[in-house]
Amino acid sequence: MGYSDQRFNVNLSILFTELPLLERPAAAAKAGFTAVELWWPWVDAPTPEQSELDALKKAIEDAGVQLVGLNFYAGQLPGPDRGALSIPGEESEKFRANLSVAADFAQSLGCKALNALYGNRVDGVDEAAQDALALENLALAAREADRVGAILLIEALNKPESPLCPIVSAPKAIEIVDKVNAATGLGNAKFLMDLYHLSMNGEDLPSVIEQYVARTGHVQIADNPGRGAPGTGSLPLEGLLDQLKKAGYEGWVGLEYKAGDRPSAEAFDWLPAEARAAR
């Protein structure tokens, strides 16, 4: 099986960032890829001008790539934030204001997966209150995703790099998935299995795959240590993706790694050119 048997997409919020946002879809296409994903691109604007949304939509369409994943507004990402939906006050309001905007943008491009990052713990705020707010906002997000025929993704981050985020293990992410599905009755909340984050937590990746593949709506990869391309670290990513495939996973595998000190276009030498276009 191996890498040639996967459906890969490029995360344009971590790769090709040496280029302006509107040039990245074409760069991914030039590198041989036919699908992309994005964090919310406007970190200071949960509700950007329609002209900005239209320009990005046109860039994606003109490049001939498919948008397969999009984050809801998540604060400063990359940066100190790890999401907005559990943060009381202004950040939570920004998240809510973004819901229909992000969902409509996803729908306009046929994107079927929307990721909602939980956010950090806040000093002086009761954790139970944050979790109640989070569930309320995640239920709203699940309903918005359902409105446009999409799934809602819940991602586990890693504790070393995100010490203030409470969602730092696969079981915890699954717990949140279950709570959201119970709250809405929609069943469209799914696990985003990021193998890099889970490995940073020291989790047993084959066991995680075995237990949760049926609950998984999207997969992301980077090698560890270093969060670089496959082959730059010690994770057996090819074997792990084979296990996912054999266990029935047919979804996308997002390339969410750092190019390092080289241009992003040179960071795909691990993947044969003929294996880059999604089948």
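Quantities reported herein were computed from a predicted structural model and do not represent experimental measurements. (Residues numbered from 1 in each chain as written. Predicted model: local features only at pLDDT ≥ 70, side-chain atom pairs only at ≥ 80, totals over all residues. Heavy atoms only, no water.)

Visitor: Before we move on, could you go through the pairing of strand β7 (residues 216-221) and cite the residues and values that matter?
Guide: Two faces, one strand: in a regular strand the side chains alternate between the faces of the sheet. The buried fraction of β7 amounts to 5 of the 6 residues, a majority that puts the element mostly inside the structure. Note that strand β6 (residues 189-194) and β7 share 4 bridges and pair parallel. The residue of β7 that forms the bridge with methionine 193 is valine 219. Relative to strand β8 (residues 252-255), β7 runs parallel, the two sharing 3 bridges. Paired with valine 219 across the two strands is valine 253, which belongs to β8. Each parallel crossover has a hand, and for β7 linked through helix α8 (residues 237-246) to β8 it is right-handed. (Buried < 20%, exposed > 50% of the residue type's maximum accessible area, 1.4 Å probe, protein only. Helix = DSSP H or I, 4+ residues; strand = E, 2+ residues; numbered from the N terminus. Pairing = 2+ DSSP bridges. Right-handed = clockwise from strand over helix to strand, strands pointing away.)

Visitor: Tell me about the pattern of salt bridges, residues and numbers included.
Guide: According to the stated counting rule, one finds 15 salt bridges in the structure shown. Where glutamate 175 meets lysine 172, a salt bridge forms, and the shortest distance between an N and an O atom there is 3.2 Å. A residue pair is termed a helical-turn pair when its members lie 3 or 4 positions apart in one helix, as glutamate 175 and lysine 172 do in helix α5 (residues 170-184) at 3 residues. Judged by relative accessible area, glutamate 175 falls into the partly exposed class, the value being 32%. Notably, a salt bridge pairs arginine 262 with aspartate 269, separated by 3.5 Å at the nearest N-O pair. With a relative accessible area of 26%, arginine 262 lands in the partly exposed category. (Salt bridge = Lys/Arg side-chain N within 4 Å of Asp/Glu carboxyl O.)

Visitor: Lay out helix α3 (residues 90-108) with the relevant residues and their values.
Guide: Here α3 contains 19 residues, and its C-alpha end-to-end distance of 28 Å stays within 8% of the 27 Å for a straight helix at 1.5 Å per residue. Its axis deflected by about 35 degrees at asparagine 98, α3 carries its strongest bend there. Listed as buried for α3 are Glu91, Ser92, Phe95, Asn98, Leu99, Val101, Ala102, Ala103, Phe105 and Ala106. Tucked inside the fold, the buried residues of α3 contact α2 (50-63), β3 (66-71), β4 (113-115) and α4 (127-147). (Expected span 1.5 Å × (residues − 1). Bend = angle between axes of the 7 residues up to and from the residue. Contact = heavy atoms within 4.5 Å.)

Visitor: How would you summarise the side chain of aspartate 194 if you had to cite specific residues and measurements?
Guide: Following the sequence through the fold, aspartate 194 ends up in strand β6. If sequence neighbours within four positions are ignored, aspartate 194 has contacts with Glu155, Gln220 and Glu256.

Visitor: Lay out the packing of α4 against α5 with the relevant residues and their values.
Guide: Two numbers describe a pair of packed helices, the interaxial angle and the distance between the axes. Two elements in contact, α4 and α5, have axes separated by 9 Å at closest approach and are oriented at 70 degrees. With respect to each other, α4 and α5 are oriented roughly perpendicular. For α4 against α5, the interelement crossing comes out right-handed. Counting all contacts with α4, which are made through Leu135, Leu138, Ala139, Ala142 and Arg143, the residues of α5 involved are Ile176, Lys179, Val180, Ala183 and Thr184. Looking at side-chain class alone, the contact of α4 with α5 contains 7 nonpolar, 1 polar and 2 charged residues. (Axes fitted to C-alpha atoms, helices over the stretch in contact; angles between N-to-C directions. Parallel < 35°, antiparallel > 145°, perpendicular 65-115°, else oblique. Left-handed = near helix turned anticlockwise from the far one by under 90°. Nonpolar A, V, L, I, M, F, W, Y, C, P; charged D, E, K, R; others polar.)

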